[in-house]
Amino acid sequence: MLETIELQPGPFQEPRDVQVRWRRSARARLVSLRIDARAAEVVITLPPRGSRKSGLALLTANARWVVGRLSALTPVLRFRDGATLPLGGVPYVIRHAPEARGGAWLAEDGAIVVAGDEAFLPRRVADFLRAEAKRRISESVSRHAPLLGRFPRAIRVKDTSSRWGSCSSDGNLAFSWRLVMAPPWVLDYVVAHELAHLAEMNHSDRFWAQVNKLTPHTDAAEAWLKKNGPALLRVG
Ligand SMILES: [Zn+2]
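Conventions adopted
- Residues numbered from 1 in each chain as written.
- Predicted model: local features only at pLDDT ≥ 70, side-chain atom pairs only at ≥ 80, totals over all residues.
- Heavy atoms only, no water.
- Helix = DSSP H or I, 4+ residues; strand = E, 2+ residues; numbered from the N terminus.
- Buried < 20%, exposed > 50% of the residue type's maximum accessible area, 1.4 Å probe, protein only.
- Contact = heavy atoms within 4.5 Å.
- Areas by Shrake-Rupley, 256 points an atom, 1.4 Å probe, with all protein chains shown as cover.
- Lys, Arg positive; Asp, Glu negative; His and termini not counted.
- Charge placed at Lys NZ, Arg CZ, Asp CG, Glu CD.
- Donors = N, O, S within 2.8 Å, 3.2 Å for Na, K, Ca; no water.
- Pairing = 2+ DSSP bridges.
- Axes fitted to C-alpha atoms, helices over the stretch in contact; angles between N-to-C directions.

Engineer: Honestly, the overall build of the chain in this entry has me stumped. Any pointers?
Structural biologist: The secondary structure content of the chain amounts to six helices and 11 strands. For the chain, the C-alpha atoms occupy an extent of roughly 55 × 50 × 30 Å along the three principal directions. Residues classed as buried in the chain amount to 44% of the 236 residues present. When contacts within the chain are restricted to residue pairs at least 6 apart in sequence, long-range pairs at least 24 apart make up 46% of them. A total accessible area of about 13,100 Å² is found for the chain, and carbon and sulfur atoms account for 52% of it. Of note, the chain has its 35 positive side-chain charges centred 7 Å away from the centre of its 23 negative side-chain charges.

Engineer: Would you mind showing me how to read the coordination of the zinc ion here?
Structural biologist: Any two of four tetrahedral donors ideally make an angle of 109.5 degrees at the metal, while pairs among six octahedral donors ideally make 90 or 180 degrees. Only His193 (NE2), His197 (NE2) and His203 (NE2) from the protein coordinate the zinc ion, and they sit 2.0 to 2.1 Å from it. Site description for the zinc ion: donor spacing in sequence, H-x3-H-x5-H. Taking relative accessible area as the criterion, His197 reaches 9% and is therefore assigned buried. The class of His203 is exposed, set by a relative accessible area of 52%.

Engineer: In this structure, what is going on with the pairing of strand β9 (residues 154–158)? I would like to understand it.
Structural biologist: On a regular strand, one side chain projects to one face of the sheet and the next to the other, so that they alternate. Of the two faces of β9, only the one carrying Ile155 and Val157 is buried; Ala154, Arg156 and Lys158 on the other face are not. Pairing of β9 with strand β11 (residues 172–176) involves five bridges; the strand directions are parallel. Looking at the pairing, Arg156 lines up with Ala174 of β11.

Engineer: What exactly am I supposed to notice about the pairing of strand β8 (residues 111–115) here?
Structural biologist: Counting buried residues along β8, five of its five residues qualify, which places the element largely inside the surrounding structure. Where strand β6 (residues 90–97) lies against β8, five bridges are found, and the strand directions are parallel. Counterpart to Arg95 in the pairing with β8 is Val113. For strand β7 (residues 104–107) and β8, the ladder comprises four bridges, and the chain directions are antiparallel. Counterpart to Trp105 in the pairing with β8 is Val113.

Engineer: Please explain the sheet that holds strand β3 (residues 32–36) as it appears in this structure.
Structural biologist: Two pairing modes exist for strands in a sheet, parallel and antiparallel, and in both the strands are linked by backbone hydrogen bonds. Spatially, β1-β2-β4-β3 is the arrangement adopted by the four strands of the open sheet, whose pairing is mixed. The open sheet has two edge strands with one neighbour each: β1 (2–7) and β3. Going across the sheet, the axis of each strand differs from the next one's by a mean of 35°, ignoring polarity. Here six bridges tie β1 to strand β2 (residues 16–24), and the two strands are oriented antiparallel to one another. By the bridge assignment for β2, Thr4 is matched with Gln19.

Engineer: Sorry, what's going on with the sheet that holds strand β10 (residues 165–167) here?
Structural biologist: Read from one edge of the open sheet, three strands run β9-β11-β10, paired in mixed fashion. Only two strands of the sheet have a single neighbouring strand rather than two, namely β9 and β10. On average, adjacent strands in this sheet sit at an angle of 15° to one another, irrespective of strand direction. Summarising the sheet, β10 and β11 pair through three bridges and their orientation is antiparallel.

If you want it as structure tokens, here you go:
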């Protein structure tokens, strides 16, 4: 359930309307609160017997933090003619070519050229980025997997809001297509992280030793994702 709630961030500050999404979870033990950067919402999760009152109390106690986080969100970057978006950390401009045919492609001058009717442009850019993500992630997996001697059963590209990658116990890897916008060493780190889970299904020292065999960028990439991840979630 989504609800608009007026929040007072501080004693002398203007109240602000925030969007609150209420969730109830059978697995939650305590009431919790997080920011969904993509939706620009506060998500309050209640345990099975948690009351709305306890959720509101947590929200009020964190009002300053919530309003600060929501205000800091980068605006949504929509796919339209003339918009600039990063691909592999490099800016590309979307260029609409109504007379051209053939979907979307990269031009040599740093443009993503999109053919066809303008109404389909956002969909075409999204499809192009997903395909490009699949290509770059698969290429990174092929480069790193032999070094570990572990190979995934399948690689999937998804749109996830809370994780950049995941590894299932039966050896399937999944990644967010949004990683295609990050610099290549960040994408490589996420690939290395999930591949290492094929060897170690935990975050033990042995796991990190496997990751560090594959990339020297662990700390920098984690920091990059922490800083820039919310903006990537607001694209498209
Ligand atoms: Zn992990």
